[in-house]
Amino acid sequence: MNVVFAVKQYISKMIEDSGPGMKVLLMDKETTGIVSMVYTQSEILQKEVYLFERIDSQNREIMKHLKAICFLRPTKENVDYLIQELRRPKYSIYFIYFSNVISKSDVKSLAEADEQEVVAEVQEFYGDYIAVNPHLFSLNILGCCQGRNWDPTQLSRTTQGLTALLLSLKKCPMIRYQLSSEAAKRLAECVKQVITKEYELFEFRRTEVPPLLLILDRCDDAITPLLNQWTYQAMVHELLGINNSRIDLSRVPGISKDLREVVLSAENDEFYANNMYLNFAEIGSNIKNLMEDFQKKKPKEQQKLESIADMKAFVENYPQFKKMSGTVSKHVTVVGELSRLVSERNLLEVSEVEQELACQNDHSSALQNVKRLLQNPKVTELDAARIVMLYALHYERHSSNSLPGLIMDLRNKGVSEKYRKLVSAVVEYGGKRVRGSDLFSPKDAVAITKQFLKGLKGVENVYTQHQPFLHETLDHLIKGKLKENLYPYLGPSTLRDRPQDIIVFVIGGATYEEALTVYNLNRTTPGVRIVLGGTTVHNTKSFLEEVLASGLHSRSRESSQATSRTASRR
């Protein structure tokens, strides 16, 4: 179950099926992103695709010597663009691939428009999602719910994305969903409807143990997306933001022109592939080794260009050398910027307090540390707000809850009203009333003992104590212990054996910390394959936008006014 490989295979097949000759790849806004995640431009150029065009761009030239490969989402808008294109074709022949199921009536409309008979083929290739890592996919949807319920447009897009993923991995799963979430049940029903309606597409070779789709809701764990991260990929997303593998470095002080935007892709960057899950301290020493390696290779080749043979050797190695030099400067820049932000924003100290709020249960120590940090001028508005949010979620019903005072401290620190209001919005979004699970207190004797021993032994790393709630959920699922009264099956049948192929989908967005959890479980659990997906992949900023978009903050405004009144009384 490798989502990058699945999408890559579809694109290779499209290009192969069109045969030899020069080609143009015609895409829409979304499929452009889908393709760019799995192929670089230079890789596609080697397959005789010399031009990349958007179907919605008005001023494309007529180029009858090119074959057109069209890879489009089956939207009404795209079908209309294609009809216009086929009435006045710009290319010699068209191979049309839709990224999802296309209706018969749309195919009929296309056939009627194809008066010049330029269409060689129309097919469905189910690459209708963004393949981020081999075991992680996203639909790039921010703000999927209104209140507790789906935005209808986003529900339809998510259903399409999820069913396409199942088709591309050739899985017809049993479905379980989080009972405490109305949105999870609704999505489970929509996916089931598609499987029933398109049953011929889902007729795959039966496996002994059927695959399982587990649908969860972000509301159940609002802690994970609020934490600072310390592994490479997660940290880059948290501090710089990854958008379809691209990182915008234009704000970095003194950045050179060619590094204003860089691509981090494990597919064609060996250093990134080897380091994306390592923690920041290890990355630092690995960068140093990469630099030394580069230095060793560099001077020798430039010193000894005496004979023709030397020059020939240099030129032959030059593309590799150039690639290595690009990799070195890119990672040195990214890691340099990360460490600048860590010291500028005092993130080591901030993260230590975050981890205490997420993992320990000592209220008075937590409160002291939060108050101390809020006095620190280096702590940014975002970090101050996130610490108070974590406090509000953890100690929501604690008898000595001091949230009104902390909100007041935020105000005195000059934190904007937007962030202050978001504190109560986050509690409204993922507080105790909403959660189907208990995020904070260990549930049974075994867990309590574990926590006690962990406390005795001291954690290997104070900054990475936190395990996403997803870890516990998947651990129980793999062992066949996930409670059916909390995560029921859709429909009458249940799984007798332990699941082997698991697809987990998080409504409201997954995180790179959860992707790391899945990566580790895949590595350490023989016979189990897990793929994680979400409506998007969050960092703290995008998660807070998700909370804002849900509109829950407007309901909690009254409560935040009440809080400030009690605060002023104090």
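Residues numbered from 1 in each chain as written. Predicted model: local features only at pLDDT ≥ 70, side-chain atom pairs only at ≥ 80, totals over all residues. Heavy atoms only, no water.

- The protein chain goes by Vacuolar protein sorting-associated protein 45 in an unreviewed UniProt entry, where it is assigned to Nannospalax galili.
- According to the UniProt record, the Function (unreviewed entry) comment for the protein chain is "May play a role in vesicle-mediated protein trafficking from the Golgi stack through the trans-Golgi network." (UniProt positions renumbered as here; feature names shortened; annotations may be inferred.)

**Observations concerning the overall build of the protein chain**
Then comes step 1: A tally of regular secondary structure across the protein chain gives 22 helices and 18 strands.
Then comes step 2: Every one of the 570 residues in the protein chain was classed for burial, and the buried ones make up 52%.
Then comes step 3: The long-range share in the protein chain, meaning contacts at least 24 apart out of those at least 6 apart in sequence, stands at 82%.
Then comes step 4: For the protein chain, the accessible surface area stands at approximately 27,200 Å², while carbon and sulfur atoms represent 50% of it. (Helix = DSSP H or I, 4+ residues; strand = E, 2+ residues; numbered from the N terminus. Buried < 20%, exposed > 50% of the residue type's maximum accessible area, 1.4 Å probe, protein only. Contact = heavy atoms within 4.5 Å. Areas by Shrake-Rupley, 256 points an atom, 1.4 Å probe, with all protein chains shown as cover.)

**So, unusual backbone geometry**
Leaving glycine out, the prevailing phi sign among residues is negative, and the prevailing peptide bond configuration is trans.
Then comes step 1: Even without being a glycine, E48 presents a positive backbone phi close to 70°.
Then comes step 2: Its place among the elements puts E48 in the loop between α3 (41-45) and β2 (49-54).
Then comes step 3: Under the relative-accessibility criterion, E48 is labelled partly exposed at 28%.
Then comes step 4: The phi angle at N346 is positive, at roughly 60°, despite the residue not being glycine.
Then comes step 5: Secondary-structure assignment places N346 in the loop between α11 (308-344) and α12 (347-359).

**Details of the sheet that holds strand β12 (residues 242-243)**
Then comes step 1: Across the sheet, three strands lie side by side as β12-β13-β14; this open sheet has antiparallel pairing. The sheet is open, and its two borders are formed by β12 and β14 (261-263), each paired with just one other strand. (Pairing = 2+ DSSP bridges.)

**Focus on the sheet that holds strand β17 (residues 529-534)**
Then comes step 1: Ordered in space as β6-β7-β17-β15-β11-β10, the six strands form an open sheet in which the pairing is mixed. Of all strands in the sheet, those bounded by a partner on one side alone are β6 (130-133) and β10 (174-177). Pairs of neighbouring strands in the sheet enclose a mean axial angle of 25°, with direction left out of account.
Then comes step 2: Two elements, strand β11 (residues 212-217) and strand β15 (residues 501-507), share six bridges in a ladder whose sense is parallel. What sits directly across from D217, in β15, is I507. (Axes fitted to C-alpha atoms, helices over the stretch in contact; angles between N-to-C directions.)

**Some remarks on the environment of A515**
Then comes step 1: Its location among the elements puts A515 in helix α19 (residues 512-524).
Then comes step 2: Residue classification places A515 among the buried residues on the basis of a relative accessible area of 0%.
Then comes step 3: In this structure, the C-alpha to C-alpha distance between A515 and N133, residues 382 residues apart in sequence, is 8.6 Å.

**A short note on the nonpolar core**
Then comes step 1: With 161 residues, the main nonpolar core has I215 and I507 as its most contacted residues.
Then comes step 2: A per-element tally of this core places helix α14 (residues 381-394) first, with ten residues.
Then comes step 3: What I507 contacts, discounting residues up to four positions off in sequence, is C144, C145, W150, A183, A184, L187, I215, L216, D217, R218 and T535.
Then comes step 4: Formed by 19 residues, the second largest nonpolar core is a distinct cluster that contains C70, L72, V79 and Y91. (Core = buried A, V, L, I, M, F, W, Y, C linked by side-chain atoms within 4.5 Å.)

**Details of empty space enclosed by the protein**
Then comes step 1: According to the stated counting rule, one finds two cavities of 30 Å³ or more in the structure shown.
Then comes step 2: Looking at the largest cavity, its volume works out to about 110 Å³.
Then comes step 3: When contributions to the lining of the largest cavity are tallied by element, the ones reaching two or more residues are β11 and α18 (469-478).
Then comes step 4: Counting residues per element, the lining of the largest cavity draws most heavily on α18, which supplies three residues. (1 Å grid on protein atoms, 1.4 Å probe; cavity = no way out; pocket = protein on both sides within 12 Å on 5 of 7 lines; lining within 4 Å. Points joined across faces, edges and corners; volume = space filled by probe spheres on them.)

**Considerations on the pairing of β6**
Within a regular strand, side chains alternate between the sheet's two faces.
Then comes step 1: Of the pairings in the sheet, the one linking β6 to strand β7 (residues 136-138) comprises three bridges and is antiparallel in character. Looking across to β7, one finds that A131 is bridged to F137.

**Notes on the state of the cysteines**
Then comes step 1: Tallied over the full model, the rule gives zero disulfides.
Then comes step 2: Take C144: it sits in no disulfide, and the sulfur closest to it among the cysteines is that of C145, at 3.9 Å.
Then comes step 3: Residue C144 is classed as buried on the basis of its relative accessible area of 1%. (Disulfide = S-S within 2.5 Å.)

**Some words on the packing of helix α6 (residues 152-168) against helix α7 (residues 182-197)**
Then comes step 1: Contact geometry of α6 with α7 gives a least axis separation of 9 Å together with a crossing angle of 55°. As judged from the angle between their axes, α6 and α7 are oblique. The interaxial crossing formed by α6 with α7 has right-handed handedness. Mapping the contact onto sequence places L155, T158, T159, L162, T163 and L166 in α6 and R186, L187, C190, V191, V194 and I195 in α7. (Parallel < 35°, antiparallel > 145°, perpendicular 65-115°, else oblique. Left-handed = near helix turned anticlockwise from the far one by under 90°.)

**Details of the side chain of R176**
Then comes step 1: Along the polypeptide, R176 turns up in strand β10.
Then comes step 2: Buried and unpaired, R176 has E484 as its nearest opposite-charge partner, separated by 5.3 Å.
Then comes step 3: Within the local environment of R176, its side chain forms a polar contact with the backbone oxygen of Y487, the two atoms lying 2.9 Å apart.
Then comes step 4: With sequence-adjacent residues up to four places away left out, R176 is seen in contact with L212, L213, L214, I215, L477, L482, K483, E484, Y487, P488 and Y489. (Lys, Arg positive; Asp, Glu negative; His and termini not counted. Salt bridge = Lys/Arg side-chain N within 4 Å of Asp/Glu carboxyl O. Polar contact = N/O pair within 3.5 Å; in protein donor to acceptor, adjacent residues only side chain to side chain.)

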